Amino acid sequence: MFKNVIVKTPCKAVTQGITSAPELGQPDYSLALKQHAAYIEALKQCGVSVTVLPADESFPDSCFVEDVAVITPKCAIVTNPGAATRNQETKAIVPVLKQFFPEDKIEYITAPGTLEGGDVMMVGTHFYVGRSARTNEEGIKQFIAILEKHGLTGSEVPLTEVLHLKTGVNYIENNNMLVAGEFITKAEFAQYNKIVIPQSESYAANCIWVNGTVIVPCGYPTVEKAVKDAGYPVILVDTSEFRKIDGGLSCLSLRF
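First things first, this report covers the structure right here in the doc. Every chain is numbered independently, its residues counted from 1 as its sequence is written. The predicted origin of the model limits local features to residues at a pLDDT of at least 70 and limits the giving and counting of side-chain atom pairs to 80 or more, whereas totals for whole chains, interfaces and linings rest on all residues. Side-chain metrics rest on all non-hydrogen atoms present in the structure, leaving aside hydrogens and water.

1. Remarks on the overall build of the protein chain
Phase 1: For the protein chain, the count of helices and strands is five helices and 15 strands.
Phase 2: Atoms considered for the radius of gyration are the C-alpha atoms alone. The globule rule reads 2.2 Å times the number of residues to the power 0.38. Relative to the 2.2 N^0.38 estimate, which gives 18 Å for 256 residues, the radius of gyration of the protein chain is 17 Å and therefore close to what a compact globule would have.
Phase 3: Projected onto the principal axes, the alpha-carbon positions of the protein chain cover approximately 45 × 45 × 35 Å.
Phase 4: Whether a residue is buried, partly exposed or exposed follows from its accessible area with a 1.4 Å probe, protein chains only, as a fraction of its type maximum: under 20%, in between, or over 50%, in that order. Burial status across the protein chain gives 56% buried among its 256 residues.
Phase 5: Long-range pairs, those at least 24 residues apart, make up 66% of the contacts in the protein chain with a sequence separation of at least 6.
Phase 6: Averaging the locations of the 22 positively and 28 negatively charged side chains of the protein chain gives two centres separated by 4 Å. Where helices and strands are cited, they refer to DSSP runs of H or I of at least four residues and of E of at least two residues respectively, numbered from the N terminus. In this analysis, two residues are considered to be in contact whenever any of their non-hydrogen atoms come within 4.5 Å of each other. In this count, Lys and Arg are taken as positive residues and Asp and Glu as negative ones, while His and the chain termini are left out. In plain terms, the charge of a residue is placed at NZ if it is Lys, CZ if Arg, CG if Asp and CD if Glu.

2. Details of the pattern of salt bridges
Phase 1: The term salt bridge refers to a pairing of a side-chain nitrogen on Lys or Arg with a carboxyl oxygen on Asp or Glu at a separation within 4 Å. In the structure shown here, the tally under the stated rule is 14 salt bridges.
Phase 2: For Glu 66, the salt bridge is made with Arg 255, and the minimal N-O distance between the two is 3.5 Å. Of this pair, Glu 66 sits in the loop between strand S2 (49-53) and strand S3 (69-71) while Arg 255 sits in strand S15 (residues 254-255), and the two are 189 residues apart along the sequence. Here Glu 66 matches Arg 255 in class, with each residue buried.
Phase 3: Across the salt bridge formed by Glu 107 and Lys 149, the nearest N and O atoms sit 2.7 Å from each other. Of the two residues, Glu 107 sits in strand S5 (residues 106-108) while Lys 149 sits in helix H3 (residues 137-149), which places them 42 residues apart along the sequence.
Phase 4: When its relative accessible area of 12% is taken as the criterion, Glu 107 is described as buried.
Phase 5: You can call Lys 149 exposed: its relative accessible area is 58%.
Phase 6: Salt bridges sharing partners connect three or more residues here, namely Glu 66, Lys 166 and Arg 255.

Here it is, written out as structure tokens:
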């Protein structure tokens, strides 16, 4: 069960965030703020305490706070983002993590290793790590070594089609996993009950489980029905403006 969530307010520069889908247009800043506020309310409905960090105009993508740290049951790991424009975002998260963890429970990924939290999926005490354009072999090696130091385990999952691991696969507890695209047939996930997401709704593979409830993006009825049919209460949250800059539900928070 999660007790705490950290989020970061979108900045005005969010309209200049990194995107692989410019055809969707630039985010509407005022709408992004409204959607972010609704996201926070959804999290609170799940019984967590939400820490809201102020906007940082120096980093357009900084609302995607998941990428700058990975929080495990045993320690917090400050990442080293592979996107050059995001690399310095980690500096702001360190003092925040110190509010929740002692110094000896905060670890760091260092160059030449790169790792972004969107490539990390926690399943119990095991962590799957996507090898992507943003997370490299050295970053994964360091990450798994840190996990093992703290009595946890990790394994690499090579990616071929998506930006981050959790773009296309997300664990919603109870041995259930939402899978889309290349993850439908990956041997690494053979032991899980797969809820297969159609290509037309692949964006909504990025749902988040929070204390028994699954938060699902608005506008994806097949995914909403599949999650409900699996026995979960669902809260819908609109993330249209974050989708425009390659972001989804998991990207917007650190949950622990």
